[in-house]
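Here are the chains, one letter per residue:
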Amino acid sequence: MKEYCGVFGIYNSPNAAYFTYLGLYALQHRGQESAGIAVTDGKRITYHRDFGLVSSVFSSEHLDRLTGHTAIGHNRYSTSGASDSPDNIQPIVVSYKHGQMAIAHNGNLVNALELREKLEEEGSIFRGTSDSEVIVHLIVKSRKKRFLEKLMDALSQLKGAYSLLVMTNKKLIAIRDPWGFRPLCMGELNGSPVFASETCAFDLIGAKYVRDVEPGEVVMIEKGEMKSFRIPGSESARRSQCIFEFVYFARPDSQIFGRSVYQVRKEFGRRLARENPVEADIVIPVPDSGVVPALGYSQESGIPFELGLIRNHYVGRTFIKPQQKMRDIGVKVKLNPVPGLLKGKRVVVIDDSIVRGTTSRKIVRMLREAGAKEVHMRISSPPTKWPCYFGIDTPTREQLIASSNTVDEICSYIEADSLGYLSLEGMIEAAKGSKCEFCTACFDGDYPIEVPDSIVEQAKKE
Ligand code: AMP
């Protein structure tokens, strides 16, 4: 199961569920399939979860019923679509010998299948198919005595990406895997600790960003006291923060991995302009992810920035795919060129990535139909050649156009006059912060953790 998600948590605050609702609203871009909130009043965990966007999952009646001072929430996107089981919706809430527990997980484990098999052989029963359930079972089954020890025991068996919030009736715990794949930020709201995948969630509720949860760190809050621990063995893990968060996934108004997404993304555009210059009349972005790098490209090259393509923001995943003969409607329902603006112009189009190549091809055709004289495609990341197994939704290697085609071949496929990508070195240089080391596996195949064949095969089937 490939998942990418957003998590939010707040400790000891009035209106905990309402703040979590707002936090999830700000993190909606990280998952649109389902949403959920679990809240505790210190004695009992209650929750509400369903398929759909945050706005449709929660009504004010739901929020009124979610009484308590500590809460966690989750937005989920998985590739398996609407047929996905409701049992996979998070937070997962369970009761076990020592009480109740809720967890919200962002990321993918590469040894989930292996761990699940072992647990099932030992008699564990799973409700859903998500990796996250494995974590709950490992905690509950640990033979250690205290909760923190059980948790550490479980975490030290996990391989892969996990930014995790765990809530019991007494504790809130925020955890980031030793590699640091996915972001997890810590903030403060009127003295209450808050956690979120991205800082844009803090901005909405008026919380102050304090710091990132460090790779390999477990931050536990109990009786109002915050303590920090290290996952055993985490020191030796190679720091591997996902660079694709900067390219596409995170919101530009967020700060992740200690850097402003906006600044990094704009620098990608500037470098792209230096590495791949072209004579043209206007620079236009493919909205939304191309907007910030296109600004960088325009400022660096001196070519004017225009909004040549307008996006309809209300097209969801439920859009009914048109039949073959109407297939071009597929991209037009989302993006439409501004009439008159492109006529006779030499256009540089900026997008963040080419995955299968179908979007770029349709965009180039659309721009030519709208009168563009030349269409030069520029991509603010290197060619995407390898699938992600750590929480970004990518197709199999066979479906990634850059895995088996040269830049020239891709250029002819998308029918552009020229095509240029940002270099790997340029991208890393632009994203670098004081402590940034990245996972760049989707571009160079250098996976920070060995990916078992079973996971590669499973991804092909999905
Ligand atoms: P494609 O038509 O398959 O080449 O898709 C390229 C488009 O998908 C680009 O406009 C990207 O902004 C967008 N994109 C890149 N990565 C992802 C992702 N993981 N999920 C959804 N869209 C993506």
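Bear in mind that the values here come from a model prediction, so they are computed numbers and not experimental data.

**Student:** Tell me what's going on with the domain arrangement of the protein, and back it up with residues and numbers.
**Tutor:** For the protein, the assigned domains are domain 1 (6-237) and domain 2 (256-461). Taken together, the contact pairs 24 residues of domain 1 with 19 residues of domain 2. For domain 1, the biggest contributors to the area lost against domain 2 are Val-110, Leu-113 and Phe-181; these three give 37% of the whole. Linking domain 1 with domain 2 are 0 salt bridges, by the criterion used here. The interface formed by domain 1 and domain 2 holds 3 residue pairs in polar contact (both at pLDDT 80 or more) in total. Split into classes, the residues belonging to the side of domain 1 that touches domain 2 amount to 8 nonpolar, 9 polar and 7 charged.

**Student:** Help me get a handle on the site of the ligand, residues and values and all.
**Tutor:** Taken together, the neighbourhood of the ligand is formed by 15 residues, with Asp-351, Asp-352, Arg-356, Gly-357 and Thr-359 sitting nearest. One nitrogen or oxygen atom from the main chain of Arg-356 is found 2.7 Å from an oxygen atom belonging to the ligand. Contact with the protein chains hides 84% of the accessible area of the ligand, taken as 510 Å² for the molecule alone. Secondary structure elements with two or more residues in the shell around the ligand: α8 (244-249) and α12 (358-369). Classifying every residue of the shell around the ligand by side-chain character gives 6 nonpolar, 5 polar and 4 charged.

**Student:** Give me the lowdown on the sheet that holds strand β5 (residues 92-96), citing residues and values where you can.
**Tutor:** Strand order in the open sheet formed by 6 strands is β5-β6-β7-β8-β12-β13, and the pairing between neighbours is antiparallel. Two strands bound the open sheet, and with one partner strand each, they are β5 and β13 (225-230). Looking at each pair of strands side by side, their axes are set apart by 20° on average, direction ignored. Those strands touched by helix α5 (residues 132-141) are β5, β6 (99-106) and β7 (163-168), and its axis lies near 145° from that of β6.

**Student:** Hey, could you go over the UniProt feature "active site" (unreviewed entry) in the protein for me, with residue numbers and the actual values?
**Tutor:** Under the UniProt annotation, "active site" (unreviewed entry) lies at Cys-5. By the secondary structure assignment, Cys-5 is in strand β1 (residues 3-10). The buried category is assigned to Cys-5, whose relative accessible area is 0%. Among all residues touching Cys-5, those that are not within four sequence positions of it are Arg-30, His-74, Asn-75, Arg-76, Tyr-77, His-105, Asn-106 and Ser-197.

About the cut-offs
The residue numbering used here restarts from 1 in each chain and proceeds along that chain's sequence as written. Only residues with pLDDT of 70 or above have their local features reported here, since the model is predicted, and side-chain atom pairs are shown and tallied only from 80 upward, although totals for entire chains, interfaces and linings are computed over all residues. Each side-chain value is derived from all of the structure's non-hydrogen atoms; neither hydrogens nor water enter the calculation. Where each domain begins and ends is defined by an automated method or by a domain database. Should any heavy atoms of two residues lie within 4.5 Å, those residues are considered in contact. Once two parts are joined, some of their accessible surface, as seen by a 1.4 Å probe, is lost; buried area is that loss totalled over both. A carboxyl oxygen of Asp or Glu within 4 Å of a side-chain nitrogen of Lys or Arg is what we treat as a salt bridge. N or O atoms closer than or at 3.5 Å make up a polar contact, with two conditions inside protein: a donor-capable atom paired with an acceptor-capable one, and, for residues adjacent in sequence, both atoms drawn from side chains. Just so you know the grouping, Ala, Val, Leu, Ile, Met, Phe, Trp, Tyr, Cys and Pro go in nonpolar, Asp, Glu, Lys and Arg go in charged, and all remaining residues, Gly too, go in polar. Any residue with at least one heavy atom within 4 Å of a molecule or strand is counted as near it. Note on areas: these come from Shrake-Rupley sampling with a 1.4 Å probe, and a residue is covered only by the protein chains present in the view. Here a helix means four or more residues in a row that DSSP labels H or I, a strand means two or more in a row labelled E, and each is numbered from the N terminus. Pairing between strands is defined by DSSP: at least two bridges between them are needed. To obtain an axis, a line is fitted to C-alpha atoms, over the contacting stretch when the element is a helix, and the angle between two such axes runs from 0 to 180 degrees between their N-to-C directions. UniProt positions are given in the numbering used here, feature names are shortened, and annotations may be inferred rather than shown by experiment. For the exposure calls, accessible area comes from a 1.4 Å probe over protein chains only, and a residue counts as buried if that area is under 20% of its type's maximum, exposed if over 50%, partly exposed in between.

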